[in-house]
Amino acid sequence: MRVTLSTSIRRFRRALAWRLHRLLGDRIIYGTLLASARLWRRMLKKPVFIGVTGSAGKTMAKELVLGILTHKGKGVGNFSSYNNIEEIAKPMLRLRPTHGFFVTELTGDKPYAMDKSLALVQPSIGIVTVVRDDHSSKDYPREAIAKEKGKLIASLPATGTAVLNADDELVLAMAAKSTAKVITYGLSPKAELRAENISSVWPDRLQMTLVRGSERVELRTQLCGTHWVPSVLGAIGGGLAAGMTLVECATGVARVPPFDGRMQAVTTPDGVTFIRDDYKAPLWTVDACFEFMKSARAKRKIIVIGELQDIGSQKGAQFAKTAILAQKIADITIFVGPWASSVLKTRRPGVGDALRTFSHVRDATEFINSISREGDLILLKGANKQDHLLRIILARNGDVACWRDDCNRYSFCNECPDRNKPSGLPILTASATVSGATAQAPPSGLSPVEGDGQVIVGLGNPEPHYTGTPHNVGYEAADRLAASWGLKWDKNPEVWFARGSVNGQAVCLLKMRLAMNLTGPGLKQLSETMRFSPEQCILVFDDLDMPLGSVRSRMNGGAGGHRGVASILEAFQTDAIRRVKIGVGQTGIKIDRAAYVVKAFDALSQAAINQSLLTAIAHVGRFVEHSNVSKRKSPSASTKKQKHAFPPL
């Protein structure tokens, strides 16, 4: 994407601001900024100050208000979704005494969040969209969020105007605490400003009939999705409060394009249309996106899901529920991120690649851009800070080389000066070769596994300095199994392997000679060479979320945050793989997880692990003893996670 002049100016300002902050310190910079803004606010008499808040839609409402009020003159609004007090102060200092208005978002993401911002802005018009569970918690429930956002309405002067959503009880109740005039909006017959004949069926955009008293005005917007109705009506209510006519408000709204990353349509030169809803992804917003996709007219529909926010403690279950809904709507459903593997159990039988999961955006990008074709409608739903799904589009033109999954930047990748600096993991697709090997002929000793042979895979890192660390207990378990079964290890460049039989059952022990996180592609290629299925495999690995020395078995399930396991589930695109997990966690102690798993056990911890390895070996033995792959029901046919394939030890 081409870098615009405004983007260059923003980059220059950020670079200058960073150097000033480093030179003078945040306290001096922000203190001076806020003091200047407060002084300037007292001098501004002409501009109308408008505050917008709500759990969702406030950025779009703010942009729509700005579009409407351009009929009235010049004004200023806060940049993007930056709505803390410092980001409100910056545009306020650009406001001129001759300007007609100032519009800003006001956040209520925590108790008392609005107090200082309201004291600075002193709005005379307040707009509230909806109150939902964004930022909610046990100590900050929805009712408390409504109380915090209601401070905007309570702060308005008697000569001001409150613009409230009549379809949201918590928002409508704010009128009782205001001395200002109230304009209500919504679908309710009691609302002063209403919308009728609402429609948004792709490729058509959102349209409706505005009704206020006896006046009716047709409105055609550039927005995608009926869930924008509260933002549209709230913005029009703000325009009416500022003295605009209903026709002027409709004309202004029609000129406003979708905001970046909020149901924004982007069509590529080859005719693929992406619907970008990748700025943030509270769970409750997913339904609106799915409704849009369900009603859309397109040759083929693809849904891509990244991180979901405000999801609660049952994250895996919520992802699975989302996957079930998505598969009913889309021709192809794709999940990407650390929780992607948790949805594999929802795969419908006989649908091929209709559900795919990827741990990393880079691999998802390769897949999406290899299958997409003219006429496709692709929804990108995720959280920008965690996912940066925009890279899927940028990669189509080779306009990105950064594939980090942990940069945590809020800015979109097309604005990032580092997007063309190569970084991040290599492509981890299952088709990638391992150590330069090919599968043209079986390497020495790697003849096909017998029909129901059991393949036990101990996970670990091959370098010697990882020996005796939590991350290598899978390797150690495999070594002890080989010793107890009297098997001898052989090796080739890809894998250590030991083959034989136990009580008449063919077994094959494997230790991949790859970094833990690259195990999946290597094991997948090995399975094609040795002709074994994922249902024949038993994974043995460490679990940092289980107490040190504990052992658990599973017939199937997600990766649980284990990147090595995630790479395997991704490579095989199934969760129907048995596993034995060995607890290596330290209860009651805060640790650096990344450093802990590659640091050698102390003597006391090693003693506990030695005992747990005996238990793990017994669990594997029971799996082998009770194995009959051809008769065993595939766990993927059930969404219920099974703890044991046999009575617990």
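Bear in mind that the values here come from a model prediction, so they are computed numbers and not experimental data.

(A) Quick peek at the environment of Gly560. Here Gly560 shows up in the loop between strand E23 (551-554) and helix H17 (563-572). Here the alpha-carbon distance between Gly560 and Val103, two residues 457 residues apart in the chain, equals 44 Å.

(B) Examining the sheet that holds strand E3 (residues 101-105) more closely. The sheet built from nine strands is open, its strands ordered E2-E3-E1-E4-E5-E6-E7-E8-E9 with mixed pairing. Pairing within the sheet leaves two strands with one partner each, and these edge strands are strand E2 (75-77) and strand E9 (215-220). Averaged over all pairs of adjacent strands, the angle between their axes in this sheet comes to 15°, without regard to strand direction. Strand direction decides the pairing type here: strand E5 (residues 161-165) and strand E6 (residues 181-186), joined by five bridges, are parallel. From the neighbouring strand, Thr161 faces E6, where its bridge partner is Lys181. Where helix H6 (residues 142-154) meets the sheet, it contacts strand E1 (48-53), strand E4 (125-128) and E5, and its direction lies at approximately 150° from that of E4.

(C) The arrangement of the packing of helix H8 (residues 229-241) against helix H9 (residues 246-254) in detail. The interhelical angle for the contact between H8 and H9, taken along N-to-C directions, is 130°, at an axis separation of 9 Å. Looking at the two axes, H8 sits oblique to H9. As H8 packs across H9, the resulting crossing turns out to be right-handed. Contacts between H8 and H9 involve Val232, Ile236, Gly239 and Leu240 on the former and, on the latter, Leu246, Cys249 and Val253. Here the contact of H8 with H9 is composed, by residue class, of six nonpolar, one polar and no charged.

(D) The arrangement of the sheet that holds strand E10 (residues 264-267) in detail. Spatial strand order, E10-E11-E15-E12-E13-E14: six strands in an open sheet with mixed pairing. Each end of this open sheet is capped by a strand with a single partner; those strands are E10 and strand E14 (355-358). The mean inter-strand angle of the sheet, taken between neighbouring strand axes irrespective of direction, is 20°. Both strand E12 (residues 300-305) and strand E15 (residues 376-381) contribute to a ladder of six bridges, which runs parallel. Across the sheet, the residue bridging to Lys301 is Leu377, located in E15.

(E) Spatial organisation of empty space enclosed by the protein. Summed over the entire model, instances satisfying the criterion amount to three cavities of 30 Å³ or more. Here the second largest cavity defines a volume of roughly 50 Å³. Every residue lining the second largest cavity is listed: Gly54, Ser55, Lys58, Thr107, Asp134, His135, Lys149 and Lys280. In terms of residue class, the lining of the second largest cavity is built from no nonpolar, four polar and four charged.

(F) Local environment of the packing of helix H15 (residues 473-485) against helix H19 (residues 603-625). Look at H15 against H19: their axes get within 10 Å of each other, and the N-to-C directions meet at 60°. Crossing handedness for the pair H15 and H19: right-handed. Across from Val473, Glu476, Ala477, Arg480, Leu481, Ser484 and Trp485 in H15, the residues of H19 making contact are Gln606, Ile609, Asn610, Leu613, Ile617, Val620 and Val624. Taken together, the residues of the contact of H15 with H19 sort by class into nine nonpolar, three polar and two charged.

Conventions we followed
Residues numbered from 1 in each chain as written. Predicted model: local features only at pLDDT ≥ 70, side-chain atom pairs only at ≥ 80, totals over all residues. Heavy atoms only, no water. Helix = DSSP H or I, 4+ residues; strand = E, 2+ residues; numbered from the N terminus. Pairing = 2+ DSSP bridges. Axes fitted to C-alpha atoms, helices over the stretch in contact; angles between N-to-C directions. Contact = heavy atoms within 4.5 Å. Parallel < 35°, antiparallel > 145°, perpendicular 65-115°, else oblique. Left-handed = near helix turned anticlockwise from the far one by under 90°. Nonpolar A, V, L, I, M, F, W, Y, C, P; charged D, E, K, R; others polar. 1 Å grid on protein atoms, 1.4 Å probe; cavity = no way out; pocket = protein on both sides within 12 Å on 5 of 7 lines; lining within 4 Å. Points joined across faces, edges and corners; volume = space filled by probe spheres on them.

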